[in-house]
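# Observations on chain architecture
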Amino acid sequence: MSDSLRQELLEIFAGRATRRYGLSDVNQLQHALQAAALAEADGAPLASLLHDVGHMIHRLGEDPASRGVDDVHEQLGAEWLARRFGPDVSEPVRLHVAAKRYLCTVEPDYFGKLGPDSVRSLRLQGGLMSAAEVDAFRANPLHGEAVRLRRFDEAAKDPRAATPDFDHYLRHVEDCRLK
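Notes on the structure in this doc start here. (Residues numbered from 1 in each chain as written. Predicted model: local features only at pLDDT ≥ 70, side-chain atom pairs only at ≥ 80, totals over all residues. Heavy atoms only, no water.)

## Examining the side chain of Asn27
Note the following rule: The numbering of helices and of strands both runs from the N terminus, where a helix is a DSSP run of H or I of at least 4 residues and a strand a run of E of at least 2. Polar contacts, as counted here, are pairs of nitrogen or oxygen atoms within 3.5 Å of one another; within protein the pair requires one atom able to donate a hydrogen and one able to accept it, and residues that are adjacent in sequence qualify only if both atoms are side-chain atoms.
Within the secondary structure, Asn27 sits in the loop between α1 (3-16) and α2 (28-40). A distance of 3.0 Å separates a polar side-chain atom of Asn27 from the backbone nitrogen of Leu29.

## Comments concerning the pattern of salt bridges
The criterion, for reference: Definition used for salt bridges: Asp or Glu carboxyl oxygen within 4 Å of a side-chain nitrogen of Lys or Arg. Only protein chains enter the area calculation, which uses a 1.4 Å probe; residues under 20% of their type maximum are buried, those over 50% are exposed, and those in between are partly exposed.
Tallying each qualifying case throughout the model produces 11 salt bridges. Here Glu145 ties to Arg148 by a salt bridge, and the two come within 2.6 Å at their closest N and O atoms. Linking Glu145 with Arg148, this pair stays in helix α9 (residues 143-155), spanning three residues, or about one helical turn. With relative accessibility at 23%, the residue Arg148 sits in the partly exposed group. The residue Asp153 makes a salt bridge to Arg150 at a minimum N-O spacing of 2.9 Å. Placement of the pair is Asp153 and Arg150 together in helix α9, with a separation of three residues, close to one helical turn. Judged by relative accessible area, which is 1%, Asp153 ranks as buried. When its relative accessible area of 4% is taken as the criterion, Arg150 is described as buried. Bridged by salt links that share partners, the residues Asp117, Arg150, Asp153, Glu154 and Lys157 form one connected network.

## Topic: the nonpolar core
One broad trend across soluble globular proteins is that nonpolar side chains are buried collectively. This is how it is decided: We call a set of buried residues a nonpolar core when its members are Ala, Val, Leu, Ile, Met, Phe, Trp, Tyr or Cys and they connect through side-chain atoms within 4.5 Å of each other. Two residues form a contact once any of their heavy atoms are found within 4.5 Å.
With 25 residues, the main nonpolar core has Leu9, Phe13, Leu49, Leu50, Leu81, Phe85 and Phe166 as its most contacted residues. When contributions to this core are tallied by element, the ones reaching two or more residues are α1, α2, α3 (45-50), α4 (53-57), α5 (73-82), α6 (87-106) and α10 (166-170). Look past the residues within four positions of Leu9 in its chain and what remains in contact with it is Ala14, Leu50, Trp80, Phe166, Leu170 and Val173. Listed in part, the 14 residues of the second largest apolar core include Leu95, Leu103, Tyr110 and Val147.

## A closer look at the layout of surface pockets
For clarity, the cut-off: Site definitions follow a grid-based scheme: protein atoms alone, a 1 Å grid, a 1.4 Å probe that fits but cannot get out for cavities, and for pockets an open set with protein on both sides within 12 Å along at least five of seven lines, plus lining residues having an atom within 4 Å of a point. Grid points are joined across faces, edges and corners, and a volume is the space filled by probe spheres set on the points. Polarity classes work like this: nonpolar for Ala, Val, Leu, Ile, Met, Phe, Trp, Tyr, Cys and Pro, charged for Asp, Glu, Lys and Arg, and polar for all others, with Gly in that last group.
Approximately 170 Å³ is the volume found for the second largest pocket. Lining the second largest pocket are 15 residues, with Gly43, Ala44, Pro45, Ala47 and Asp88 positioned closest to its centre. Listed by contribution, the elements that provide at least two residues to the lining of the second largest pocket are α3, α6 and α9. Looking at the lining of the second largest pocket residue by residue, the classes come out as nine nonpolar, three polar and three charged.

## Description of the packing of α5 against α6
Our working rule: Lines are fitted to the C-alpha atoms to define the axes, a helix being fitted only along its stretch in contact, and any angle between axes, read from their N-to-C directions, falls within 0 to 180 degrees. In what follows, roughly perpendicular refers to angles from 65 to 115 degrees, roughly parallel to angles under 35, roughly antiparallel to angles over 145, and oblique to any angle outside these ranges.
Following both chains from N to C, one finds α5 and α6 inclined at 175 degrees, their axes separated by 8 Å at the closest point. One way to sum up the angle between α5 and α6 is to call them roughly antiparallel. Residue-level inspection shows His73, Glu74, Gln75, Gly77, Ala78, Leu81 and Ala82 of α5 in contact with α6, the latter providing Val89, Ser90, Val93, Arg94, His96 and Val97. Here the residues of the contact of α5 with α6 sort into six nonpolar, five polar and two charged.

## A short note on α5
At 3.6 residues per turn, the α-helix brings residues three or four places apart onto the same side. Test applied: Arc definition: it is the arc formed by the directions from the helix axis to the C-beta atoms.
Among the residues of α5, those classed as buried are His73, Glu74, Gly77, Ala78, Trp80 and Leu81. Projected down its long axis, α5 shows its buried positions confined to an angular sector of 160 degrees, all on one face.

## Some words on the packing of α2 against α9
The line we're drawing: Take the far helix as the reference: if the near one is turned anticlockwise from it by less than a right angle, the crossing is left-handed, and if turned clockwise, right-handed.
Here α2 crosses α9 at 130 degrees, and the two axes come no closer than 8 Å. When the interaxial angle is binned, α2 and α9 end up oblique. Helix-helix and strand crossings are classified by hand; for α2 and α9 the assignment is right-handed. Along its contact with α2, which presents His31, Gln34, Ala35, Leu38 and Ala39, the element α9 presents Phe152, Asp153 and Ala155. Residues belonging to the contact of α2 with α9 are distributed by class as follows: five nonpolar, two polar and one charged.

As structure tokens, then:
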């Protein structure tokens, strides 16, 4: 991995990811590491590690959702990632908010699994999907990866979880980087 990309990732995740993650009891870095640990067993840790990078690179201040602002972190993060990685990393990130909306629409019990911050942001992100939105989401060839990422995302909020450190996941960067 190039030293410049490694430094950029470390600045974002070591420097900016120590803020609290919404209303949960973990910070952004803990959340990212937990999502990556859950995904590692499934073979896709990098998208899960980087899925919320948009929260850390926007300029809207801390917790814009509490002020009624959708930070569109999924789009911002996907654009940032697409300049560095292939669509197997950037597209599930771009779709992970749509995946939340989708799961809340098609799985009656999924809404009950959302933490308070996810419920609050769901309203800002468009709420439940229409039938046309469900069809459009399902038509995307990477929608299954986005759903998988979303499930890791929601499960990654345990303040007592033990995970490997950030460097552990950086070994996946070179395989996913744009050449």
